[in-house]
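So you can see what is in the structure, the chains are spelled out below.
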Amino acid sequence: MLLVLTSVCLARSQDTEKKVDDFVKAEIARQKIPGVSIAVVKDGKPLIVKGYGLANVEHQVPVKPETIFQSGSVGKQFTAAAVMLLVEEGRINLDEKISKYLDGLTENWKNITVRHLLTHTNGLASYPEDFDFRQDYTENELWDRIRQAPLAFQPGERWRYSNLGYVTLGILIRKVTGKFYGDFLRERVFRSLGMTTARVITETDIVSNRAAGYILINGELKNQEWVSPSINTTADGSLYLSVLDMIRWDSAWNGETLLKRESRDVSWTPVKLSDGTTYPYGFGWELNAVNGRRLIEHGGTWQGFESHISKFPDDGISVIVFANLRNARVRVMAHEIAAIVSPGLKPKAVEDKEREQTARHRELLQEMIDGTADRGLFTQAAAETIFPLVEKARGQMKELGVIERIELLERKTEGNSQSNLYRIVFSNAKAIYTLILKGVKITSMDLKPE
């Protein structure tokens, strides 16, 4: 009987790996991705670890598990972990004003706390439009630019993704420890976890198995854009990582080999805004759910690379995907791979008892795509954030095609705040559509590829 069961399990494992192989190869061909590296971890053990395609097109170097990719914003969770190590040691307080650790702050920064930086509720936007990514700033010069940035809202008032907030955290780590944040990560995180090839990006060092990053211009593959060496060392996401490194990183979050359980839990807790509502983001992690099962994840985009890690802790499954092409849909790939390994993780529609409301939400999405939406449906703060982002992305949104169907995945009510999660089936793609309302006003809108 044991032999029979072993044979059945082996057959299932081989069948799963073949399905994953077929899916990844099809996506590489469809998206014109040069190379992809994936890792699937089940119950703390690697289930699938593979490379596909080319790490370097010019030299025809294949991707393998050891291939090094750029992290993009996946690196933010490493910065957050470094901060939490210092919190555990009592050297940083999450709710302390950052003026305790940083000098030269302007008056409008006086109420920003460490927690605000970690959770993107600090009021800072991203880099200014006139920021020169080709200038090789010193850290002091970079800090002089950042600390002059105006706030879009008061700290804690709302959520807005902020690369500058995490760059600031890297500078704060140096002020507290006297060490460059990358050196602190190497000593306290990478070495302790056995992440032997993880490091900050370098232009000068010889890095074995380093992949090249690419972009598509009018369907033709081109090399990534160049940025200055110092811009590639900031704490908002400037790491070299392989899926082998990420397997060790993923494992550390399953126990207490790096952070205490209390630190992990607070890192995976939705941030509470000043009005008492919450937003599904922790410390460098997006906090979502699939069919009532927790999904903790984050992606990254930088210099011709895309990265993503999706953790399904209730199911003991983690999926890591790296690709060396800008705009490769690695989040979609991670979710599809997870659903192949565990079919229960395929998002399922639920009964919609408020179909008229759903119909209005569908109409609103189409109006946002068309540029005819009424700003009065949004809170002032939400309108100021959402409309400029939609304006920039309208071309990409139109490429999704016609809205063919909307399906309710989840609807939750918290006080007078309601969160709606939908699957949108376009003629050319599928997407997850999130709409959050407080009373009758929209406070948040998000559309991501499924």
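The structure displayed is predicted, hence computed values, not measured ones.

Rules of the game
Residues numbered from 1 in each chain as written. Predicted model: local features only at pLDDT ≥ 70, side-chain atom pairs only at ≥ 80, totals over all residues. Heavy atoms only, no water. Helix = DSSP H or I, 4+ residues; strand = E, 2+ residues; numbered from the N terminus. Rg over C-alpha atoms; globule rule 2.2 N^0.38 Å. Buried < 20%, exposed > 50% of the residue type's maximum accessible area, 1.4 Å probe, protein only. Contact = heavy atoms within 4.5 Å. Areas by Shrake-Rupley, 256 points an atom, 1.4 Å probe, with all protein chains shown as cover. Pairing = 2+ DSSP bridges. pLDDT = per-residue confidence, 0-100. Polar contact = N/O pair within 3.5 Å; in protein donor to acceptor, adjacent residues only side chain to side chain. Axes fitted to C-alpha atoms, helices over the stretch in contact; angles between N-to-C directions. Parallel < 35°, antiparallel > 145°, perpendicular 65-115°, else oblique. Nonpolar A, V, L, I, M, F, W, Y, C, P; charged D, E, K, R; others polar. 1 Å grid on protein atoms, 1.4 Å probe; cavity = no way out; pocket = protein on both sides within 12 Å on 5 of 7 lines; lining within 4 Å. Points joined across faces, edges and corners; volume = space filled by probe spheres on them. Left-handed = near helix turned anticlockwise from the far one by under 90°. Salt bridge = Lys/Arg side-chain N within 4 Å of Asp/Glu carboxyl O.

Undergrad: Please explain the overall build of the protein chain as it appears in this structure.
TA: What the protein chain contains, in helices and strands, is 11 helices and 18 strands. Expected size for 450 residues packed as a compact globule is a radius of gyration near 22 Å; at 22 Å, the protein chain falls within 12% of this value. By principal-axis analysis of the C-alpha atoms, the protein chain measures approximately 70 × 60 × 50 Å. By the burial criterion, 52% of the 450 residues in the protein chain qualify as buried. Residue pairs in contact within the protein chain that sit at least 24 positions apart in sequence constitute 64% of those at least 6 positions apart. Of the roughly 20,600 Å² of accessible surface on the protein chain, a fraction of 50% belongs to carbon and sulfur atoms.

Undergrad: What is the right way to look at the sheet that holds strand β14 (residues 317–323) in this model?
TA: Strands pair in a sheet through their backbones, by hydrogen bonds, and they do so in one of two ways: parallel or antiparallel. Pairing in this open sheet of 7 strands is antiparallel, and the strands run β3-β2-β1-β14-β13-β12-β11 from one edge to the other. If you trace the sheet from one side to the other, it starts and ends with β3 (61–62) and β11 (286–290), each paired once. Examined bridge by bridge, strand β1 (residues 35–42) and strand β2 (residues 45–56) share 8 bridges and lie antiparallel to one another. Counterpart to Val-36 in the pairing with β2 is Tyr-52.

Undergrad: Help me out: how do you make sense of the confidence of the model for the protein chain in this one?
TA: If pLDDT is low for a region, its predicted coordinates should not be looked at in detail. Confidence along the protein chain averages 93 in pLDDT terms, with 97% of residues attaining 70 or more. Between residues 2–10, whose pLDDT stays under 50, and residues either more than four places distant or in other chains, the model counts 0 contacts.

Undergrad: Which parts of the structure should I look at to understand the side chain of Asn-324?
TA: Along the chain, the position of Asn-324 falls in the loop between β14 and α9 (330–341). A relative accessible area of 0% places Asn-324 in the buried class. A distance of 2.7 Å separates a polar side-chain atom of Asn-324 from the backbone nitrogen of Gly-35.

Undergrad: Where do I start with unusual backbone geometry in this structure?
TA: In terms of backbone geometry, most residues other than glycine have negative phi values and most peptide bonds are trans. The phi dihedral of Asn-209 is positive, around 65 degrees, even though this residue is not glycine. By the secondary structure assignment, Asn-209 is in the loop between β5 (199–200) and β6 (214–217). The phi dihedral of Asn-327 falls on the positive side, at around 75 degrees, and the residue is not glycine. Topologically, Asn-327 is positioned in the loop between β14 and α9.

Undergrad: Is there a simple way to think about the packing of helix α2 (residues 76–88) against helix α6 (residues 181–193) in this case?
TA: Helix packing for two helices is described by the angle between their axes and how far apart those axes are. Between α2 and α6, the shortest axis-to-axis distance is 10 Å and the interhelical angle comes to 75 degrees. As far as their axial angle goes, α6 and α2 are roughly perpendicular. Residues Phe-78, Thr-79, Ala-82, Leu-85 and Leu-86 of α2 lie in contact with α6, whose contacting residues are Tyr-181, Phe-184, Leu-185, Arg-188, Val-189 and Phe-190. Here the residues of the contact of α2 with α6 sort into 9 nonpolar, 1 polar and 1 charged.

Undergrad: Whenever I open this one, the pairing of β6 confuses me. Can you help?
TA: Regular strands show a simple pattern: their side chains alternate between the two faces of the sheet. Of the strand pairs in this sheet, β6 and strand β7 (residues 220–223) are connected by 4 bridges, and their pairing is antiparallel. Residue pairing for β7: Leu-216 is matched across the bridge by Leu-221. If you look at the hairpin formed by β6 and β7, you'll find 2 residues sitting between the two strands, and Asn-218 has a positive phi there, around 55 degrees.

Undergrad: When you look at empty space enclosed by the protein in this model, what are you seeing that I'm missing?
TA: Unfilled space is identified by rolling a water-sized probe across the atoms. Scanning the model with the defined rule gives 2 cavities of 30 Å³ or more in all. Reported here for the largest cavity is a volume of approximately 40 Å³. Contributing to the lining of the largest cavity are Ala-252, Trp-253, Gly-255, Leu-258, Leu-259 and Arg-264. Taken together, the residues of the lining of the largest cavity break down into 4 nonpolar, 1 polar and 1 charged.

Undergrad: Please explain the sheet that holds β5 as it appears in this structure.
TA: The 3 strands are arranged β4-β8-β5 in an open sheet whose pairing can be described as antiparallel. Two strands in the sheet have a free side with no partner beyond their single neighbour: β4 (69–70) and β5. Pairing of β4 with strand β8 (residues 239–241) involves 2 bridges; the strand directions are antiparallel. If you follow Gln-70 over to β8, its bridge partner there is Tyr-240.

Undergrad: Honestly, the packing of helix α4 (residues 139–146) against helix α5 (residues 163–177) in this entry has me stumped. Any pointers?
TA: Contact geometry of α4 with α5 gives a least axis separation of 11 Å together with a crossing angle of 135 degrees. In this view, α4 runs oblique relative to α5, as classed from their interaxial angle. In this structure, the crossing between α4 and α5 has a hand that is left-handed. Contact residues: α4 offers Glu-139, Leu-142, Trp-143 and Ile-146, while α5 offers Leu-164, Val-167, Thr-168, Ile-171 and Arg-174. For the contact of α4 with α5, a count of residues per class yields 6 nonpolar, 1 polar and 2 charged.

Undergrad: Just to check I follow, could you spell out the layout of surface pockets for this structure?
TA: The volume enclosed by the second largest pocket comes to roughly 370 Å³. Forming the walls of the second largest pocket are 17 residues, and the residues nearest its centre are Arg-210, Ala-211, Ala-212, Gly-213 and Gln-224. Counted by class, the lining of the second largest pocket contains 6 nonpolar, 8 polar and 3 charged residues.

Undergrad: Would you take a moment to explain the pattern of salt bridges for this structure?
TA: A side chain with one charge may pair with a side chain of the opposite charge, provided their charged atoms come close. A complete count under the given rule lists 34 salt bridges for this structure. Across the pair Asp-15 and Lys-19 runs a salt bridge, and its minimum N-O distance is 3.5 Å. Of this pair, Asp-15 and Lys-19 both sit in helix α1 (residues 2–31), 4 residues apart, roughly one helical turn. Residue Lys-19 is classed as partly exposed on the basis of its relative accessible area of 47%. Arg-294 is the partner of Asp-314 in a salt bridge, and the nearest nitrogen-oxygen pair spans 3.0 Å. Residue Asp-314 is found in the loop between β13 (305–312) and β14, and its partner Arg-294 is found in strand β12 (residues 293–302); the two are separated by 20 residues along the sequence.

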